[in-house]
Amino acid sequence: MEKLLEILEDIQPEADYENCTTLIDDGILDSFAILSIVSELEDAFGVSITPAEIIPENFNSAQALWNMVERLQA
Amino acid sequence: MSLTSLMFIIFVLTAVIGYYCIPKRYQWLWLLFFSYIYYLSTGARTVYYLLITTASTYLVGYFMSRIQKDKDDRAARRVNRRLLVLALLLNFGMLAYLKYTNFLIANLNDLLHAQLNFKDLLLPLGISFYTFQSMGYLLDVYWKKCEAETTPLRLALFVSFFPQILQGPIGRFSRLGKQLFTSHTVDWEQMERSFLLILYGFFKKMILADTVAPIVDHIFGNPTQFSGVFMIIGVLGYSAQLYGDFSGGMDVVQGISGLFGITLDDNFKRPFFAISITDFWHRWHITLGTWMKDYVFYPISLSKWMSRFSKYLKTHLSKKLGRTIPICIANILVFLIVGVWHGAAWKYIIYGLYNGVIIGISGLLTNCYRDWKKALHIQDKSHGWHIFQILRTFLLVNISWFFDRADTVKDALFMMKNTILNFHISVLWDGSLLMDNTILHIQYRYIIVIAACLVVFIISLLQEKKITFAQSIYTWKPAVRFVLYLVILFVIPLLGQTPMAEGGFIYAQF
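Chains are numbered independently. Their residues run from 1 in the order of the written sequence. Chains and ligands are labelled by the order in which they are written, letters from A for the one and numbers from 1 for the other. For this predicted model, a pLDDT threshold of at least 70 governs which residues receive local features, and a threshold of 80 or more governs which side-chain atom pairs are given and counted, while totals over whole chains, interfaces and linings are taken from all residues. Where side-chain values are given, they derive from all heavy atoms of the structure, hydrogens and water being excluded.

Things to note about helix α17 (residues 409-421) of chain B
Residues and elements named next belong to chain B. Under the scheme used here, helices are H or I runs from DSSP no shorter than 4 residues and strands are E runs no shorter than 2 residues, and both carry numbers assigned from the N terminus. Under the convention used throughout, the expected extent of a helix is 1.5 Å for every residue step, that is, one less than its residue count. In this model α17 runs 18 Å from its N-terminal to its C-terminal C-alpha over 13 residues, within 8% of the 18 Å that 1.5 Å per residue would give. For each residue, the accessible area found with a 1.4 Å probe, counting protein chains only, is set against the maximum for its type, and the residue is called buried under 20%, exposed over 50%, and partly exposed in between. The set of residues buried in α17 consists of Ala412, Met415, Met416, Asn418 and Thr419. Seen along its axis, α17 keeps its buried residues to an arc of 160°; they face one direction. Along α17, the residues that are exposed and aim more than 90 degrees away from the buried face are Lys410, Ile420 and Leu421. Contact definition: two residues touch when any of their heavy atoms are within 4.5 Å. In this structure, the buried side of α17 is in contact with α8 (188-221), α9 (228-259) and α16 (383-405). The arc refers to the directions leading from the helix axis to the C-beta atoms.

In structure tokens, the structure reads:
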């Protein structure tokens, strides 16, 4: 989770990843940021993220992102 | 049957009254019946294309869903991918053939000095919209984002729902499907809200867009006759016309759907308050933008070849560039498609690329912007900076309109050059603005357009500030509201242009 937070901070520093659960709904992460995150997650955790995974439920919070990574690693 | 014609109003009234009178379980069939009546009224010859899209979408969706249930995951994915590609090729192939064959022939004739004959092709109304909506549904079924529809007639309604088929919004099955097929009872509050939205749409279309249209047409039709001031009047007028026409049309479409208790996706969110081109596309033609994002931008960016390219760049250049360059390329490709989607002409391709390149460069320079703002002590949340961003975006958008509206790329470039090098500010007071009275009632048109722009601006500003003026109207006494609506109903035809005198909706031609 720490590694994930580091990635998020690096790509979009102006967000409160500890508490925010509306990263997509409130437009904090745009499509450019989403794809940058995907690229970093694939490199850091060895997962493969398909277009089907790019839904608000998977990107609205750091926890949701972490859940997706864990699910794809399993 | 134009959306602003009396015939259409009678048609909608009949559909709405019948919808709430018949047994609830037949309501969706009623909508389907009226949707086909409406489509046939626009020209019966092209209904076959709609039927082909409907049938192929239904069959492929149905079989993909069956295969997903019967076979194991990998085998199902392999078979389904083939089915999906087949459907995409058929439907986008049909769209491409009808829309771009003559463009291709014209370019081949120019390039090879050939004399190929143009094809006599009739473009079915709304084909770009219903094709995108249907293919979005199939991709959602393929990605298991929604269940396939098992009743063919229900899918036929999703593809052809009459308020939206001609100019969108491009709906998603997961949101629209459910609403189309569930029964609705009369909700008077929603009815009134929808009625007010329809009136506002007619206001934007008939008073703003159709009033300014002849001025815009005259300037863009004769670019060599006018100086720079007219170029600015022309392009600002086009901004007003396009916004009034398209967003007004959307208000009418959403309002009519609301009369049936169906809420369509928003297509506009006060685009001229955008602070960047990216933000503009989040507010202008939203459903096309999200369609492109979900079904083109993400799949291209996450494709295997793009992933390989990204890895290559990360190894040979830098990690950051390896991450951002592929996204920029995907972005430019998306806007190239957006440009082509708008029409078969080079000017639209340039229009798309212009937007794509600006967004791509902004993406690449995100960190630089952050540093520059820090160095210049610019506060992101300051009013001054916010207004500067809005004005900068408005300028960039208006530059793009030159390509969108001018007849050719050459004309667009000529007009832009003229704006700067041949300004002639004296035309503002020497009577030239009347254009030798070639346009009927031109003085009144200027006054009406400026007043209508002010009304739209004030309403948009209130909405932007989240002050919902419309909400307070509903608290007024019914008699007062009734009089207000009557006045609006009286004013629109009085000040606006009659549909017989002016053209249909711009986006209905796409």
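Here we look at the interface of chain A and chain B
Opposite the 20 residues of chain A that make contact, chain B presents 20 residues. Joining two parts hides part of their accessible area as seen by a 1.4 Å probe, and the buried area is that hidden amount summed over both. Of the roughly 1800 Å² buried where chain A meets chain B, counting both sides, 63% is carbon and sulfur surface. When the buried area of chain A at its contact with chain B is split by residue, Phe32, Leu35 and Pro51 of chain A rank highest and sum to 36% of it. One speaks of a salt bridge when a side-chain nitrogen belonging to Lys or Arg is within 4 Å of a carboxyl oxygen belonging to Asp or Glu. Between the two partners, chain A and chain B, sit four salt bridges. Of the charged contacts, one joins lysine 314 of chain B and aspartate 43 of chain A as a salt bridge, the two residues approaching to 2.5 Å between their closest N and O atoms. For the purposes of these results, a polar contact is taken to be a pair of N or O atoms within 3.5 Å, where, inside protein, one atom must be able to donate a hydrogen and its partner to accept one; residues adjacent in sequence count only when each atom of the pair is a side-chain atom. At the junction of chain A with chain B, the criterion picks out four residue pairs in polar contact (both at pLDDT 80 or more). Looking at the side of chain A that touches chain B, the elements with two or more residues in it are α1 (2-11) and α2 (31-45) of chain A. Looking at which element gives the most residues to the side of chain A that touches chain B, the answer is α2 of chain A, with nine residues. Following the grouping adopted for this structure description, the nonpolar residues are Ala, Val, Leu, Ile, Met, Phe, Trp, Tyr, Cys and Pro, the charged ones are Asp, Glu, Lys and Arg, and the polar ones are all others, Gly among them. Classifying every residue of the side of chain A that touches chain B by side-chain character gives 11 nonpolar, five polar and four charged.

Remarks on the domain arrangement of chain B
All names here are of chain B. The assigned domain composition of chain B is domain 1 (6-185), domain 2 (187-264 + 410-510) and domain 3 (273-405). For the purposes of this description, domain bounds are those given by an automatic or database domain assignment. Centre-to-centre, using C-alpha coordinates, domain 2 lies 28 Å away from domain 3. In total, about 1800 Å² of surface goes out of reach between domain 2 and domain 3, with carbon and sulfur atoms giving 73% of it. Between domain 2 and domain 3 we count two salt bridges in total. Joining domain 2 to domain 3, the criterion identifies five residue pairs in polar contact (both at pLDDT 80 or more). For the side of domain 2 that touches domain 3, the secondary structure elements donating two or more residues are α8, α9, α17 and α18 (442-464). Looking at the side of domain 2 that touches domain 3 element by element, the count peaks at eight residues for α9. The class makeup of the residues in the side of domain 2 that touches domain 3 is 17 nonpolar, three polar and two charged.

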